[in-house]
Each structure stands twice: as C-alpha cells, then as structure tokens.
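Fold and geometry: a report
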Amino acid sequence: MSLRINDTAPDFTAETTQGTIHFHEWIGDGWAVLFSHPKDFTPVCTTELGSVAGLQDEFAKRNTKVIGLSVDPVSSHGKWAIDIEETGGFKVNYPMIGDPELKIAKLYDMLPGDSGETSEGRTAAANATVRTVFIVGPDKKIKLQLSYPMTTGRNFAELLRVIDSMQLTARHKVATPADWRPGEDVIILPSVTDEEAKQKYTAGWKSPKPYLRLVPQPE
C-alpha cells in the first residue's frame, strides 16, 4: 500500500518499550511523529534517538507525541536505550515500537511485502528503507513523510519548524514561504479573495506579485 500526504495513517496494535499501544488511540487529540530505524545499535540512529530525547519538551509544547520504531524486538530496544542515554546525554522517555515480524514496516510501505516475516538475520542494509518520518495530525491523517538514507542523520529541529508551520496554517488561511521561521511573514492563501483579506488584514499586505500576498504572522 502506497501512502501519501492526507491519507489516513494506518492504525495498528504493537508492543513498545512502554507496553502495548493502539496507534490511533495513543495519538489521541494531538499530533504525533513516528520515526523508524532499520536496526538497533546502529550509529546514526543512536544519535537520532538521543537528539529526539533531548527535544521531547519542545515536541510536548506543540501537543506532539513522538514514537520510534525499529524492526528489532522490544527487549533489544531496552538495551539500546542505555547506549542512547550514555552517548546522547538524554534518557529515552518516549516509546519505541518493536517490529520483529516486519508488520508495521510493511503496513507503512517501508518494506516490500515479500521481505519475510522476521527481523532475525536481517542486516541494517537489508532494512535501509525503514528510515522514514511520518507526522500525523489529530485527524489521523499523514501531514508529512520524509525518507532518509542510512548515512544521513535526520534534522529534528527542522521537524519542529514544520510542525509550527502546519499547526499555524491549520488555524489560519495562510501558507509559510521557503525557510520560514516562527514570527516571520506568511502568505495569504490564493483561495482568500482580496476583499476577504482586507477584512482580516486591515493594515494591508505586501504584494511583490499579484498572486503573492505577504502579511505578518497571525497570533
């Protein structure tokens, strides 16, 4: 099953380092980041999990839960968490999903259906495509997905920026321009007429092109 933005994130029940979860129920009425890993005790992933642990408060400020996934069993994740804390300096307080039968990796189209039914004996290279980030909204729809090569660590500060943008644009009829940071000007959506825009943005807007209308970020 190929997944795209605005598709419903597939629901699942899985064992994690914090017990059994039902994914949609676990998300609740907030946002969620699901980020996956091809194998435990891999160097780049170890740094990534530590980075997320250090940013957990920032995700929480945005009403966003984080959850990791690796194709190895939960028992292995618990041992890996010790290494992550020792190298990254932060305790992993978010759940890590065990996917030893590769069910979730296949459900989220990160591995082909003929990949077998066990993680045992598989190498990180064989699971290289299990390096995807999914951001899921309160409506359980996929809002973003990014896949990374094994040699490139993910930028989680960028994910926070993206969440800030998506949450802002969900509340207001605006979009954010390239390289936008919170507090900077935003773009009035093309679906908003000039007459409608005048009612909301009484001070007017900058318009370098007729289709590009820039206003200060709404509160």
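The model shown is predicted, which means the values in this text are computed figures rather than measured ones.

**Some remarks on the packing of helix H2 (residues 43–54) against helix H4 (residues 74–88)**
Contact geometry for H2 and H4: axes closest at 9 Å, N-to-C directions at 70°. Regarding the angle of H2 to H4, the classification is roughly perpendicular. Judged by residue contacts, Cys-45, Thr-46, Leu-49 and Gly-50 of H2 engage Trp-80, Ile-84 and Thr-87 from H4. Its residues assigned to classes, the contact of H2 with H4 comprises 4 nonpolar, 3 polar and no charged.

**Examining the sheet that holds strand E9 (residues 186–188)**
The 4 strands lie next to each other as E8-E9-E11-E10, forming an open sheet whose pairing is antiparallel. Looking at strand neighbours, the two that pair on one side only are strand E8 (174–175) and strand E10 (206–209), the edges of this open sheet. The pairing of E10 with strand E11 (residues 212–215) spans 2 bridges and is classified as antiparallel. Across the sheet, Lys-209 pairs through a bridge with Leu-212, a residue of E11.

**A few points about the pattern of salt bridges**
Think of it this way: side chains of opposite charge can pair up when their charged atoms draw near. Evaluated as defined, the whole model comprises 12 salt bridges. Of the charged contacts in the structure, one is a salt bridge between Lys-143 and Asp-139, with a shortest N-O distance of 2.9 Å. The exposure class of Lys-143 is partly exposed, given its relative accessible area of 22%. The salt bridge partner of Glu-195 is Lys-198, with a shortest N-O separation of 3.4 Å. Taken together, the residues span about one helical turn, with Glu-195 and Lys-198 both in helix H7 (residues 194–200) at a distance of 3 residues. For Lys-198, a relative accessible area of 46% corresponds to the partly exposed category. What you see here is one network of salt bridges that share partners, running through Glu-58, Lys-61, Arg-62 and Asp-164.

**Things to note about the side chain of Ser-76**
As for its position among the elements, Ser-76 is in helix H4. Ignoring sequence-local partners within four residues, the contact set of Ser-76 consists of Asp-40 and Phe-41.

**So, the packing of aromatic side chains**
Inspection of every chain in the model, using the stated rule, returns 7 aromatic pairs. Pairing Phe-12 with Tyr-108 gives two aromatic rings, centres 6.1 Å apart and planes at 80°, and the pair type is edge-to-face. Remark: Tyr-108 occurs in the loop between helix H5 (103–107) and strand E6 (132–136) and Phe-12 occurs in the segment before strand E1 (13–16); sequence separation between them is 96 residues. Pair check on accessibility: Phe-12 and Tyr-108 agree, each one buried. Following the ring pairs from residue to residue traces out a cluster consisting of Phe-12, Phe-23, Trp-26, Tyr-108 and Phe-134. Sitting over the face of the ring of Trp-26, Lys-65 holds its NZ or CZ atom 5.1 Å from the ring centroid.

Conventions adopted
Just so you know, the residues in each chain are numbered from 1, in the order the chain's sequence is written. Reporting of local features is limited, given that this is a predicted model, to residues whose pLDDT is at least 70; pairs of side-chain atoms are given and counted only at 80 or more, and all residues count toward the totals for whole chains, interfaces and linings. Calculation of side-chain values draws on the structure's entire complement of heavy atoms; hydrogens and water are dropped beforehand. As a rule, the C-alpha atoms of each element are fitted with a line to give its axis, helices using only the stretch in contact, and angles between N-to-C directions run from 0 to 180 degrees. Helix numbers and strand numbers start at the N terminus; a helix is a DSSP run of H or I with at least 4 residues, a strand a run of E with at least 2. Each angle is binned into one of four classes, with values under 35 degrees roughly parallel, values over 145 roughly antiparallel, values of 65 to 115 roughly perpendicular, and all other values oblique. The contact rule is simple, with two residues in contact once any of their heavy atoms fall within 4.5 Å. The nonpolar class holds Ala, Val, Leu, Ile, Met, Phe, Trp, Tyr, Cys and Pro. Asp, Glu, Lys and Arg form the charged class, and all remaining residues, Gly among them, are polar. One requirement defines pairing of two strands: DSSP has to find at least two bridges between them. A pairing counts as a salt bridge when a side-chain nitrogen of Lys or Arg comes within 4 Å of a carboxyl oxygen of Asp or Glu. Only protein chains enter the calculation, and the probe is 1.4 Å; a residue is then buried if its accessible area is under 20% of its type maximum, exposed if over 50%, and partly exposed in between. In this analysis, rings of Phe, Tyr and Trp, with Trp reduced to its six-membered ring, are considered paired at centre separations within 6.5 Å, and the interplanar angle assigns stacked below 30 degrees, edge-to-face beyond 60, and tilted for intermediate values. Only when the NZ of Lys or the CZ of Arg is both within 6 Å of the ring centre and within 35 degrees of the ring normal is a charge said to sit over the ring.

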